[in-house]
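# Overview (structure and organization)
Here is how the chains run, residue by residue.
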Amino acid sequence: MGTLKKRALIFGSAPVQNWSFIAQYHRPGDLIICADGGRNAAQQLGFVPDWYVGDSDSGGYDKGCPSDLLPSEKDVTDLDMAVSRALREGCNELVLCGCTGGRQDHHFSAIGQLERIYHAGVDGVIVDEQNEIRLLTPGETEVPSEPPYHYFGLIPLDRQLTGVTITGAKYEVSGIDLDRWSSLGVSNELAPGRRCVVKVAHGVGLLIRSN
């Protein structure tokens, strides 16, 4: 019998026009953690926050639930501290939403959280209206088929991903190297009825599924 996963759904305060995607990721029993203004979005969607983390500079508030109150001048983002709270609560799967788009420094900082989450031994994913972003690490990674997305792409974070093999996709490759500046890994598609697997010998990147 597999280990039961304790999941956290973490709401950031980046702007989102259509939240319908969240229904594909929320599961009953998820710990709802709100990074500052993310609390407003969570509550408008009908979620009851389990934790508020922030300094209230983006419209969140600390009443009515346990809170990690932060100073407005600090060396970390509210989302960073929300991830810390999820890890302290023993969550081993983190779904981050409302943290892409908007300010690009916050956007890329949020993507950086995926590597931190990975090194904590936890599964992490960022989701928004069009994309699902996961960290791609050496070894074998199955490209999920659910929830469905039309495309998937590999984006190197290191200077190079070496020994990349893709099977079960429209465009298959064997043992190639992907440079950080190259767009070769963009806009692939799953092959219908097949299990899609990406193998990487060395290097860290992003696996992005998108519509």
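As a reminder, the structure under discussion sits directly above these lines.
Quick caveat: nothing in here was measured; it's all calculated off a predicted structure. (Residues numbered from 1 in each chain as written. Predicted model: local features only at pLDDT ≥ 70, side-chain atom pairs only at ≥ 80, totals over all residues. Heavy atoms only, no water.)

## What about unusual backbone geometry?
To be explicit about the condition: Labels follow the DSSP assignment, with helices taken as runs of H or I lasting at least four residues and strands as runs of E lasting at least two, numbered in each case from the N terminus.
For the peptide bond that leads from Glu 146 to Pro 147, omega is -10 degrees, which places it in the cis range. Relative to the elements of secondary structure, Pro 147 occurs in the loop between β8 (139-142) and β9 (151-156).

## Remarks on the sheet that holds strand β11 (residues 173-179)
Stated formally: Being paired, for any two strands, means DSSP has found at least two bridges between them. Whenever a helix is involved, its axis is fitted only over the stretch in contact; in every case the axis is a line through C-alpha atoms, and angles between N-to-C directions fall within 0 to 180 degrees.
The strand order across the open sheet built from four strands is β8-β12-β10-β11, with neighbouring strands paired in antiparallel fashion. Two strands close off the open sheet at either side, each with one partner strand: β8 and β11. The sheet shows a mean angle of 25 degrees between the axes of neighbouring strands, direction not considered.

## Some points on the nonpolar core
This is how the line gets drawn: Definition of nonpolar core: a set of buried residues of the types Ala, Val, Leu, Ile, Met, Phe, Trp, Tyr and Cys, connected through side-chain atoms within 4.5 Å. The classification of residues rests on relative accessible area computed with a 1.4 Å probe and restricted to protein chains. Under 20% of the type maximum is buried, over 50% is exposed, and intermediate values are partly exposed. Contact between two residues is taken to exist if any of their heavy atoms lie within 4.5 Å; hydrogens are not considered.
Formed by 26 residues in total, the largest nonpolar core has its most connected members in Ala 8, Ile 10, Ile 33, Ala 86, Leu 94, Leu 96 and Ile 126. Going through the elements one at a time, β1 (7-11), β2 (31-35), β3 (51-54), α2 (78-88), β5 (93-97), α3 (104-119) and β7 (131-136) are the ones with two or more residues in this core. Once residues lying within four places of it in the same chain are set aside, the contact partners of Ile 126 are Leu 96, Cys 99, Thr 100, Ala 110, Ile 111, Leu 114, Asn 131, Glu 132 and Ile 133. With 17 residues, the next largest nonpolar core counts Val 16, Ile 32, Ala 42 and Val 125 among its residues.

## Remarks on the sheet that holds β3
The mixed open sheet is built from nine strands, whose spatial order is β4-β3-β2-β1-β5-β6-β7-β13-β9. The sheet terminates laterally at β4 (67-69) and β9, the two strands that pair on one side only. The sheet shows a mean angle of 20 degrees between the axes of neighbouring strands, taken without regard to direction. Seen against the sheet, α3 touches β5, β6 (123-127), β7 and β13 (205-210) and runs at an angle of roughly 165 degrees to β6.

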